[in-house]
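Reading the structure
Residue-level listing of the chains:
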Amino acid sequence: MRLAIYPGSFDPITNGHLDVIHRAARLFDELIVAVALNDQKHTSCLFSIDERIAILEEACEGKAKVRVAKLNGLLVNFARDCGANAIVRGLRAVSDFGFEFQMALMNRKMEPDIETIFLMPKEDYTYLSSRIVKEIARLGGDVSAFVAACVVPPLLGQFSDQAWTESS
Ligand code: ADP
C-alpha cells in the first residue's frame, strides 16, 4: 500500500492545501494529513491544535483516502511509524524552494527510504497562504474564495472580539 504524509500547520487549512490534498489522494492509496503542534516556520498559531484538526476533518469530510492526525515530534519518525513511503509538500513559488529543499534533504538523510514529493497547486492558489488569509480576515475582508465554507465561521470568530473592541 502506498501511504503518504502531508505535514503542515494548517492554521487554518486553505483552498491551496485542499488542492494539494486532492492531488496527493490521486497518487496514493492513503494520505495522512499531519497537523504539527509546532513547526519550523510558525512559532505560534491562531488556532489550537485541536481546533486545526477539527476544521481540517470537516474540510476533508467525504475524502475516503484522507485521514487527519496530530504530529508531535520529528516528522520522519512519525512517517516511519505510520509505514509511509512518502512525504508530500506543496510548492507555490521559488520563495518556498530554499526551505523545502533543505527540509527534504535533511529528512532524506535521516530516513533514506521515505521520498519527499512536491506538488504544485492550481495557479489560482499559488499566492494563497494561511498567513495572508488570516490577515484578510483580521482586517474585515471576505475570505470565502480562499477557504472552504466550514473555515469561515471559526476564522471570523477569532477576530470578532477584536472588531467589537475597536468599534466600541
Ligand atoms: P503555510 O505555509 O500557508 O503557512 P503550512 O505550513 O500549513 O502553510 O503548509 C503546509 C504545506 O502546504 C507546505 O508544504 C506549504 O508549502 C504547502 N502550502 C501552503 N499553502 C499552499 C498553497 N496555497 N498551495 C500549495 N501548497 C501550499
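See above for the structure.
In this convention, every chain numbers its residues from 1, walking through the sequence in written order. Local features in this predicted model are restricted to residues of pLDDT 70 or higher, and side-chain atom pairs are both shown and tallied only at a pLDDT of 80 or more, whereas totals for entire chains, interfaces and linings draw on every residue. The basis for the side-chain values is all heavy atoms of the structure; hydrogens and waters are excluded.

Some thoughts on the overall build of the protein
What counts is decided by this rule: What counts as a helix is a DSSP run of H or I of at least four residues, what counts as a strand is a run of E of at least two, and both are numbered from the N terminus. The buried label applies to any residue whose accessible area, calculated with a 1.4 Å probe on protein chains only, is under 20% of its type's maximum; exposed applies above 50%, and partly exposed to all values in between.
Helix and strand counts for the protein stand at 6 helices and 5 strands. Order of helices (α) and strands (β) in the protein, N terminus to C terminus: β-α-β-α-β-α-β-α-β-α-α. Considering only C-alpha atoms, the protein reaches an extent of 55 × 35 × 30 Å along its principal axes. Burial analysis of the protein (168 residues in total) assigns 46% to the buried set.

Remarks on the pairing of strand β4 (residues 86-90)
Note the cut-off: At least two DSSP bridges between two strands are required for those strands to pair.
Of all 5 residues that make up β4, 5 are buried, and the element is covered over most of its length. The two faces of β4 match: Ala 86, Val 88 and Gly 90 on one face and Ile 87 and Arg 89 on the other face are all buried. Note: strand β1 (residues 3-8) against β4, 2 bridges, orientation parallel. Among the inter-strand pairings, Ala 4 is bridged to a residue of β4, identified as Ala 86. In this sheet, strand β5 (residues 115-119) lies alongside β4 in parallel orientation, the contact comprising 5 bridges. Across the sheet, residue Arg 89 finds its bridge partner in β5, namely Phe 118.

With respect to the sheet that holds strand β2 (residues 30-36)
Selection rule: To get an axis, a line is fitted to the C-alpha atoms, and for a helix only the part in contact is used. The angle between two axes follows their N-to-C directions and goes from 0 to 180 degrees. Whether two residues are in contact is decided by their heavy atoms, any of which lying within 4.5 Å being enough.
Read across the sheet, 5 strands follow the order β3-β2-β1-β4-β5 without closing on themselves; strand pairing throughout is parallel. Each having just a single partner strand, β3 (66-71) and β5 make up the two edges of the open sheet. Within this sheet the neighbouring strands show an average axis-to-axis angle of 30°, counted without direction. Helix-sheet contacts for helix α4 (residues 94-110) involve β4 and β5, and the interaxial angle to β4 is about 175°.

Examining the pattern of salt bridges
Between side chains of opposite charge, a pair can form as their charged atoms come close. Selection criterion: The salt bridge criterion pairs a side-chain nitrogen of Lys or Arg with a carboxyl oxygen of Asp or Glu, the two atoms within 4 Å.
Enumeration over the complete set of coordinates arrives at 11 salt bridges. A salt bridge links Arg 80 to Glu 111, with the nearest nitrogen and oxygen atoms 2.4 Å apart. In this pair, Arg 80 sits in helix α3 (residues 75-82) while Glu 111 sits in the loop between α4 and β5, placing the two residues 31 residues apart along the sequence. Looking at Arg 80, the relative accessible area reads 41%, which means it is partly exposed.

Some thoughts on the nonpolar core
A general tendency of soluble globular proteins is for nonpolar side chains to be buried together. Here is the rule: Nonpolar cores were defined as sets of buried Ala, Val, Leu, Ile, Met, Phe, Trp, Tyr and Cys residues, with membership established by side-chain atoms within 4.5 Å.
Membership of the largest hydrophobic core comes to 37 residues, with the highest contact counts inside it found for Ile 21, Leu 31, Leu 56 and Val 88. Those elements giving two or more residues to this core turn out to be β1, α1 (15-27), β2, α2 (49-59), β3, β4, α5 (130-138) and α6 (152-167). Setting aside residues no more than four positions away along its own chain, Leu 56 makes contact with Phe 10, Ile 13, Ile 21, Val 33, Val 35 and Val 68. Core analysis: the next-biggest nonpolar cluster, separate from the first, contains 13 residues, Ile 5, Ala 36, Ala 69 and Ile 114 among them.

Side note on unusual backbone geometry
A cis amide bond links Asp 11 to the next residue, Pro 12, at an omega of 0°. Mapped onto the elements of the fold, Pro 12 is located in the loop between β1 and α1. Positive phi, normally seen in glycine, also occurs at Phe 10, with a value near 50°. Mapped onto the elements of the fold, Phe 10 is located in the loop between β1 and α1.

So, the state of the cysteines
As a reminder of what qualifies: Sulfur atoms of two cysteines make up a disulfide when they are within 2.5 Å.
What the rule picks out here adds up to 0 disulfides. Here Cys 45 is not disulfide-linked; the sulfur of Cys 60 is the nearest cysteine sulfur, at 17 Å. Looking at Cys 45, the relative accessible area reads 28%, which means it is partly exposed. The closest cysteine sulfur to the non-disulfide-bonded Cys 82 is located on Cys 60, 16 Å from its own sulfur.

Here we look at the side chain of Asn 15
The following threshold applies: N or O atoms within 3.5 Å of each other form a polar contact, as long as, within protein, one can give a hydrogen and the other can take it, and as long as residues adjacent in sequence are counted only when both atoms are side-chain atoms.
Mapped onto the elements of the fold, Asn 15 is located in helix α1. For Asn 15, a relative accessible area of 13% corresponds to the buried category. At a separation of 3.1 Å, a polar atom in the side chain of Asn 15 contacts the main-chain carbonyl oxygen of Ala 145.

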